[in-house]
Amino acid sequence: QIQSSTGNVNGASYLRIETGGGSSNLYFDGTNWKINSLQAPWDGVVLLVSDGHLTGYSSIDLAMAAAVSGDVIVLQDDIEMSTGLTITSGVSINGNGKNYTVSGSDAVDAFYITGGTTKIFNFKKIESTRTGSAARWLFACFGENSKMYVDCDELKVADGCIALAGNTGSKLTINARKIDLGSY
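A quick note: this is a predicted structure, and the numbers were derived from the prediction, not measured. (Residues numbered from 1 in each chain as written. Predicted model: local features only at pLDDT ≥ 70, side-chain atom pairs only at ≥ 80, totals over all residues. Heavy atoms only, no water.)

It is not clear to me how the packing of aromatic side chains should be interpreted in this structure. Could you clarify?
How two aromatic rings sit relative to each other is given by the distance of their centres and the angle of their planes. Summed over all chains, the structure comprises five aromatic pairs. Relative to phenylalanine 111, the ring of tyrosine 100 has its centre 4.5 Å away and its plane inclined at 35°; by these criteria the two rings are tilted. One end of the pair, tyrosine 100, is in strand 12 (residues 99-102); the other, phenylalanine 111, is in strand 13 (residues 111-113), and 11 residues separate them in sequence. Under the relative-accessibility criterion, tyrosine 100 is labelled buried at 0%. Consider the rings of tyrosine 112 and phenylalanine 142, whose centres lie 5.7 Å apart with planes at 35°: the pair is tilted. Taken together, the residues span a long stretch of sequence, with tyrosine 112 in strand 13 and phenylalanine 142 in the loop between strand 15 (137-141) and strand 16 (147-157) at a distance of 30 residues. Classification of tyrosine 112 as partly exposed rests on a relative accessible area of 25%. (Phe/Tyr/Trp six-rings, centres within 6.5 Å; stacked < 30°, edge-to-face > 60°. Helix = DSSP H or I, 4+ residues; strand = E, 2+ residues; numbered from the N terminus. Buried < 20%, exposed > 50% of the residue type's maximum accessible area, 1.4 Å probe, protein only.)

So this is what it looks like as structure tokens:
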């Protein structure tokens, strides 16, 4: 689904979508959505799609800080984080066939929500390389009635656990074609 101010559109039925003013287009290459800018290439490792407008950001943290409910963050490159990512309520993340790795020594969750509904989808691999006391959850879903939907090709942890859903009505749904629990 592609969301705009005029409602949802089934994006699977389109191969190209113009994004206002004719300065750029989204197109589907059969696997992933790509950006074709007719002016200048998009800078940044992530794009924020907000009410039909595209903005490039140098980090997923910066894109998340600018995002509001209904927005989608689209990865343009593989991402390696040394900190966890708290996801704004109602914001979704499209991995665009890329990898997302959380590493480092801080004991944090890779993706964390405290409310609303979040979709994390179209990732090649989501991985935690943390071990010992730094190993935590890949996905943590807290807040009453919080919902997180995850879809990716592979989930991998060196040590630790995949997911935790807490609080009344919280729901975490994972669809992964391969799960590697490492030494757990």
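Picking up where we left off.
Just checking my understanding: could you explain the pattern of salt bridges for this structure?
Two side chains of opposite charge can pair, provided their charged atoms sit close to one another. Tallied over the full model, the rule gives four salt bridges. One salt bridge in this structure joins lysine 125 and glutamate 127, with 3.6 Å as the shortest N-O distance. With a relative accessible area of 22%, lysine 125 lands in the partly exposed category. Here arginine 177 and aspartate 151 are joined by a salt bridge, their closest N and O atoms 3.5 Å apart. With a gap of 26 residues between them, arginine 177 in strand 18 (residues 171-180) and aspartate 151 in strand 16 connect regions that are remote in the sequence. According to the relative accessible area criterion, aspartate 151 is partly exposed, its value standing at 25%. It is possible to trace a salt-bridge network through shared partners that takes in Asp151, Asp153 and Arg177. (Salt bridge = Lys/Arg side-chain N within 4 Å of Asp/Glu carboxyl O.)

I tried to follow the sheet that holds strand 13 on my own but got confused; where do I start?
Sheets are built from strands paired through backbone hydrogen bonds, the pairs being either parallel or antiparallel. The parallel open sheet is built from four strands, whose spatial order is 10-13-15-17. Two strands in the sheet have a free side with no partner beyond their single neighbour: strand 10 (85-86) and strand 17 (161-165). Bridging between strand 15 and strand 17 involves four bridges; their strand directions are parallel. Residue pairing across strands places cysteine 141 opposite alanine 165, the latter belonging to strand 17. (Pairing = 2+ DSSP bridges.)

Mind showing me how you'd approach the nonpolar core here?
Note on soluble globular proteins: their nonpolar side chains tend to be buried together. Counting residues in each nonpolar core, the largest one holds 32 residues, and the members touching the most others are Ile60, Phe111, Ile126 and Phe139. Counting residues per element, this core draws most heavily on strand 16, at five residues. Discounting residues that sit within four places of it in the chain, phenylalanine 111 has contacts with Leu85, Ile87, Ile93, Tyr100, Ile120, Ile126, Leu138, Phe139, Ala140 and Met148. (Core = buried A, V, L, I, M, F, W, Y, C linked by side-chain atoms within 4.5 Å. Contact = heavy atoms within 4.5 Å.)

Before we go on, may I ask you to explain the pairing of strand 16 in this structure?
In summary, the side chains of a regular strand alternate between the two faces of the sheet. For strand 14 (residues 117-128) and strand 16, the ladder comprises nine bridges, and the chain directions are parallel. From the neighbouring strand, isoleucine 126 faces strand 16, where its bridge partner is leucine 155. Where strand 16 and strand 18 come together, nine bridges link them in parallel fashion. Within strand 18, the residue paired with tyrosine 149 across the bridge is threonine 173.

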